[in-house]
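One-letter residues, chain by chain:
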Amino acid sequence: MRNTRDAEQVLRIDGRGAFVEVTTSGLPIDKIYFGFVQYNKSAEKGSRTSGNIKIYMNILEAQVLARDIMSGRLAGLKMKELKRMQKAGEKYANPVYSKQGGTPAASNNGQAIARLFEITPGSSQPWILCAKQGKAHETSEGLIVMEGKPETTIRVPCSDIALKQLALAIEAAVMTWVQLRFVPAAAPAMQVAAEKRKEAIDKAKADSAFRAMENAGRV
């Protein structure tokens, strides 16, 4: 089959009528991008998307999430939450990971927008990746807080393997960012340092050879 995947897409996890993708599109602004999309296949072409939430996460925050997944920390939090649910007799789990952000009013025609990214233990699937979006207000501390219920909620079920793939996709995007962000800045100085080391090594070799010849009485 011909691969028609977007060149920027690192990973896509599909659910029923929804998916989440990790792409490199946020790297120029030092972010990892998670795109949640909800769609209706029965709708006309060009009108199938019914929901779209864009989550931008700080590079290092995203890397911490990736390592919490791979280390088993999130799995441990899941076990604690499942025990709490059982003890409390509750049906639905609380998120074991939650990241809140959004767009300030000044950047959105006077209306702040809150976005929430959550990872929650599922019932039929091990995990649920969820994005929420809605109108918000800004606090004096600069936080963007959602007002009432979210206007859009997109959930994507996720297996244990897929969650680890999400972590690896984050790490892959982070490595790309490191290469593109710091290598061009560090390369010239590193080249100068390498040349100085080579000069020092060549001089040390020459001095050593000269001393050997001197000791042998050949000079």
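Not measured: the values here are computed from a predicted model.

**A word on helix α1 (residues 59–71)**
Thinking step 1. Here α1 spans 18 Å end to end across 13 residues, near enough to the 18 Å set by a 1.5 Å rise per residue.
Thinking step 2. Turning to α1, its buried residues number three or more, namely I59, A62, Q63, L65, A66, D68 and I69.

**Let's talk about the side chain of E118**
Thinking step 1. Its location among the elements puts E118 in strand β6 (residues 112–121).
Thinking step 2. Using a relative accessible area of 11% as the deciding quantity, one classes E118 as buried.

**Notes on the environment of G51**
Thinking step 1. Examined against the element boundaries, G51 turns out to sit in strand β4 (residues 49–58).
Thinking step 2. Between the C-alpha atoms of G51 and I154, which are 103 residues apart in sequence, the distance is 7.4 Å.
Thinking step 3. If sequence neighbours within four positions are ignored, G51 has contacts with F36, V37, Q38, T152 and I154.

**Quick look at the pattern of salt bridges**
Once their charged atoms are close, side chains differing in charge can pair, the charge on each being opposite to the other.
Thinking step 1. Counted by the stated rule, this structure contains nine salt bridges.
Thinking step 2. Among the ionic pairs, R67 bridges to E171, the shortest N-O distance being 3.3 Å. Here the residue R67 occupies a position in helix α1, and E171 occupies one in helix α3 (residues 160–215), the gap between them amounting to 104 residues.
Thinking step 3. With a closest N to O distance of 2.9 Å, K198 and D202 form a salt bridge. In this pair, K198 and D202 both sit in helix α3, four residues apart, roughly one turn of the helix.
Thinking step 4. Looking at D202, the relative accessible area reads 36%, which means it is partly exposed.
Thinking step 5. What emerges from the salt-bridge pattern is a single network uniting E81, R84 and E90.

**Some thoughts on the pairing of β6**
Thinking step 1. Most of β6 sits out of view: ten of its ten residues are buried.
Thinking step 2. Here β6 shows a buried face lined by A112, A114, L116, E118 and T120 and a second buried face lined by I113, R115, F117, I119 and P121.
Thinking step 3. Where strand β5 (residues 97–103) lies against β6, seven bridges are found, and the strand directions are antiparallel. Note on β6: the bridge partner recorded for Y97 is I119.

**Notes on the nonpolar core**
Within soluble globular proteins, side chains that are nonpolar tend to cluster in buried spots.
Thinking step 1. Residues F34, F36 and L166 are the most contacted members of the largest nonpolar core, which totals 37 residues.
Thinking step 2. No other element matches α3, which puts nine residues into this core.
Thinking step 3. Discounting residues that sit within four places of it in the chain, F36 has contacts with F19, V20, G51, N52, I53, I55, F117, L129, C130, A131, I154 and V156.
Thinking step 4. Formed by six residues, the second largest nonpolar core is a distinct cluster that contains A112, A114, I144 and M146.

Calculation criteria
- Residues numbered from 1 in each chain as written.
- Predicted model: local features only at pLDDT ≥ 70, side-chain atom pairs only at ≥ 80, totals over all residues.
- Heavy atoms only, no water.
- Helix = DSSP H or I, 4+ residues; strand = E, 2+ residues; numbered from the N terminus.
- Expected span 1.5 Å × (residues − 1).
- Buried < 20%, exposed > 50% of the residue type's maximum accessible area, 1.4 Å probe, protein only.
- Contact = heavy atoms within 4.5 Å.
- Salt bridge = Lys/Arg side-chain N within 4 Å of Asp/Glu carboxyl O.
- Pairing = 2+ DSSP bridges.
- Core = buried A, V, L, I, M, F, W, Y, C linked by side-chain atoms within 4.5 Å.

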